[in-house]
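Secondary and tertiary structure notes
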Amino acid sequence: MSPRTTPWNLDDLHTTAAPLDGRVPAGPIESIWDQHRFHMKLINPANRRKFTIIIVGSGLAGASAAASLGEMGYNVHNFCYQDSPRRAHSVAAQGGINAAKNYRNDGDSIYRLFYDTVKGGDYRSREGNVYRLAQVSNAIIDQCVAQGVPFAREYGGLLDNRSFGGAQVSRTFYARGQTGQQLLLGAYQALARQIHAGSVQMHTRSELLDVVIADGRARGIVTRDMRTGEIQTWAADAVVLATGGYSNAFYLSTNAKGCNVTAAWRAYKRGAYFANPCFTQIHPTCIPPAGEHQSKLTLMSESLRNDGRIWVPRQAGDSRKPHEIPEAERYYYLEEKYPSFGNLVPRDVASRNAKMVVDAGHGVGELRNGVYLDFADAIRRLGEDVIRDRYGNLFDMYESITGENAYKAPMRIYPALHYTMGGLWVDYNLMSNIDGLFVIGEANFSDHGANRLGASALMQGLADGYFVLPYTLGNYLAQAGKSSVDSSHPAFAEVSSEVQDKITRLLAIKGRRTVDEFHRDLGKILWEYCGMGRTAAGLQKALTLIPQLRAEFWEDVRVPGSAADLNQSLEKAGRVADFFEMGELLCLDALHRSESCGGHFREESQTPDGEALRDDAHFSFVSAWQHTGDDALPMLHKEPLEFKYVKLSQRSYK
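Computed from a predicted model, the values in this text were never measured in an experiment.

A short note on the overall build of the protein
Secondary structure assignment for the protein yields 17 helices and 19 strands. Rg of the C-alpha trace for the protein: 24 Å, near the compact-globule value of 26 Å for 654 residues, within the 12% margin. Taken along its principal axes, the extent of the C-alpha atoms in the protein is 75 × 60 × 50 Å. Put simply, the protein has 654 residues, and 62% of those count as buried. Restricting the contact set of the protein to residue pairs at least 6 apart, pairs at least 24 apart contribute 74%. If you sum the accessible surface of the protein, you get close to 24100 Å²; carbon and sulfur atoms cover 49% of it. Between the centroid of the 71 positive side chains of the protein and the centroid of its 74 negative side chains there is a distance of 3 Å.

Below you can see the structure in the form of structure tokens.
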């Protein structure tokens, strides 16, 4: 069947009347997690080996979950498409991980971390999940220290902290500019121990291509061996997706090129709800693109905003070199507009303001597409050795990419697609609306609202894997019991056949254009009309252009090679096909949510001074979309958001 080329008729959008239940337990927020754990059903340690669990993804969420469940005695199968779990994209997180230890004695607490996270997410996250995240944050640090993660330490030996955007306290633990890498090595060591013990079977170079649902319950997955092309089926008592975010739909992003939406999207097409897809994060501190040749962008850690000052020339079109521009002619726009937070405003605020000054003609660099991040004051105050000790690897990376020495001249930065707050809908137990299908880390929607605070991604991934899922998954299995379905069930053959048919179809097109060409064109549409600034007219145009480009993809893409061996073009083609479909849902969600919140900035909805203007009366809910057919408009479910502990108010960082 030919793909649809016309936009959806939004007059046909159907919203279910019954509210979606997040299953947050009743009671005081400070005690609901402890009480919930006490009332959970348990599985005898001797019986755990009878249950098989599939975990897809080996980043911080996936590796920590696989290691924890393996240690508990479950039979775990862990899948990743890399050649080693150590190559998961979590290694790219640089700046740090939050926890409410209050080592600086500067007023931090679990409640303040909870408050900052809800406020930072612009009041579009579920209070119960966020409080639990803050609650377990301290245990994460203890766990990682015990694993040998080399966090930075002060002169006396205590763990050091630094500040991140959206907070007025120092709560971010870090390992220079390599925090994600070091945390992943800690989780990987725990995982490797369980692989050696035999409780975890590791399947590398294996890509999930579909989820198997039978009798309303997730029963397993279908994978492709990326070396041999073999399609394989795997049955289990529960399936856990820890497969990251979807910002590569925009083509240019800070994500590794392999990052994709396929696992979550195939689960969506099997019935899992996709929540808040329009909540994508633009990171303010990335190296600007140097031209059309680039295939990805490079992140400069948000931690640099601790010591770097962001500015542009006050005079539009000023082409002088930065050292030639006197102090009085420099516009430190974040410090002037937001004196309470300065350069440490949240990411969405910093990104929007960078776009505003560049659009107004104040951009710097050869392409006039950046702003300055200047360390001259910090070097004068602290000395170059201190800055080199804190950020040396980041400065080295910047010089390798740009050829510029950031110790001598300011860095050039500009916002880029980074993290995605949207993802598969999950309840308080991290289970999707499909029984037995759990979703953790960035792949779910649950904790960050419309804007993730810096240093919270690593916190959520490890919280889910180490301290939440081991309880909630056991509770589910204790009640659901052992699955009687194995891979001989007809559902596995049916899904495998559909997977093979899609592969065959992609290889048979033999068109003229490469997968990357189509992906780049899709990315331009999404960035232009659903990027940092969104309008109803622009989103409607995107919803017209995407189906047309998708139809062209299915008629004119060229995928060389065969399915019987290593074929990276085939891998990319399947992922881009999913990006086309997911990108359309992303724009639909952005069009439907006619308010501004966090990283979702509808230009029709802003305050007189250009800040995001929420519409709490009409949009204080989670948008959970249900697939209703390949060409049909999806159905919208709403989970109401209640704010009993953090009072709804217009965000202000001034």
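Read on for the rest.
Side note on unusual backbone geometry
Peptide bonds are trans in most cases, and residues, glycine excluded, mostly fall at negative phi. A positive phi angle, near 55°, is found at Asn 105, a position not held by glycine. For Asn 105, the location among the structural elements is in the loop between β3 (97–98) and α4 (110–120). Despite not being glycine, Asn 276 has its phi angle at roughly 50°, a positive value. Along the chain, Asn 276 turns up in the loop between β10 (274–275) and β11 (280–286).

A few points about helix α11 (residues 384–402)
Look at α11: only 20 Å from first C-alpha to last across 19 residues, short of the 27 Å you get at 1.5 Å a residue. Along its length, α11 reaches its greatest deviation from straightness, about 85°, at Tyr 391. Buried within α11 are the following residues: Ile 387, Tyr 391, Gly 392, Leu 394, Phe 395 and Tyr 398. Taken together, the buried residues of α11 touch α10 (376–382) and β15 (411–420). Positive phi shows up at Gly 403, right after α11, with a value of about 80°.

Topic: the packing of aromatic side chains
Throughout the structure, instances matching the rule amount to 26 aromatic pairs. Plain terms: the ring middles of Trp 33 and Tyr 428 are 6.1 Å apart, the flat faces sit at 75° to each other, and that makes the pair edge-to-face. Note that Trp 33 is positioned in helix α1 (residues 32–39) and Tyr 428 in the loop between β16 (423–424) and β17 (437–439), a separation of 395 residues in sequence. Just as Trp 33 is buried, Tyr 428 falls in that class too. Judged by centre distance (4.9 Å) and plane angle (65°), the rings of Phe 375 and Phe 395 are edge-to-face. Here Phe 375, found in the loop between β14 (371–374) and α10, pairs with Phe 395, found in helix α11; they are 20 residues apart in sequence, far enough to count as distant. Note on accessibility: Phe 375 and Phe 395 belong to one class, buried. Lying across the ring of Tyr 332, Arg 309 places its NZ or CZ 3.9 Å from the centre. Across from the ring centre of Tyr 419, 4.2 Å away, lies the NZ or CZ of Arg 452, which sits over that ring.

Examining the domain arrangement of the protein
Domain boundaries in the protein define domain 1 (32–279 + 421–480), domain 2 (283–417) and domain 3 (494–622). Together, the buried faces of domain 1 and domain 2 total about 2300 Å²; carbon and sulfur atoms form 54% of this surface. Looking at the side of domain 1 facing domain 2, the largest losses of area belong to Gln 94, Leu 252 and Thr 254, adding up to 25% of the total buried there. Where domain 1 touches domain 2, the interface holds zero salt bridges. Where domain 1 meets domain 2, there are 15 residue pairs in polar contact (both at pLDDT 80 or more). Class assignment for the residues of the side of domain 1 that touches domain 2 results in nine nonpolar, 14 polar and four charged.

Regarding the environment of Lys 41
The topology assignment puts Lys 41 in the loop between α1 and α2 (45–48). C-alpha of Lys 41 to C-alpha of Leu 473: the two residues are 432 residues apart in sequence and 10.0 Å apart in space. When near neighbours in sequence (up to four residues on either side) are disregarded, Lys 41 contacts Gly 474, Asn 475, Ala 478 and Gln 479.

Cut-offs applied
- Residues numbered from 1 in each chain as written.
- Predicted model: local features only at pLDDT ≥ 70, side-chain atom pairs only at ≥ 80, totals over all residues.
- Heavy atoms only, no water.
- Helix = DSSP H or I, 4+ residues; strand = E, 2+ residues; numbered from the N terminus.
- Rg over C-alpha atoms; globule rule 2.2 N^0.38 Å.
- Buried < 20%, exposed > 50% of the residue type's maximum accessible area, 1.4 Å probe, protein only.
- Contact = heavy atoms within 4.5 Å.
- Areas by Shrake-Rupley, 256 points an atom, 1.4 Å probe, with all protein chains shown as cover.
- Lys, Arg positive; Asp, Glu negative; His and termini not counted.
- Charge placed at Lys NZ, Arg CZ, Asp CG, Glu CD.
- Expected span 1.5 Å × (residues − 1).
- Bend = angle between axes of the 7 residues up to and from the residue.
- Phe/Tyr/Trp six-rings, centres within 6.5 Å; stacked < 30°, edge-to-face > 60°.
- Lys NZ or Arg CZ within 6 Å of the ring centre and 35° of its normal.
- Domains from an automatic or database assignment.
- Buried area = accessible area lost by both parts, 1.4 Å probe.
- Salt bridge = Lys/Arg side-chain N within 4 Å of Asp/Glu carboxyl O.
- Polar contact = N/O pair within 3.5 Å; in protein donor to acceptor, adjacent residues only side chain to side chain.
- Nonpolar A, V, L, I, M, F, W, Y, C, P; charged D, E, K, R; others polar.

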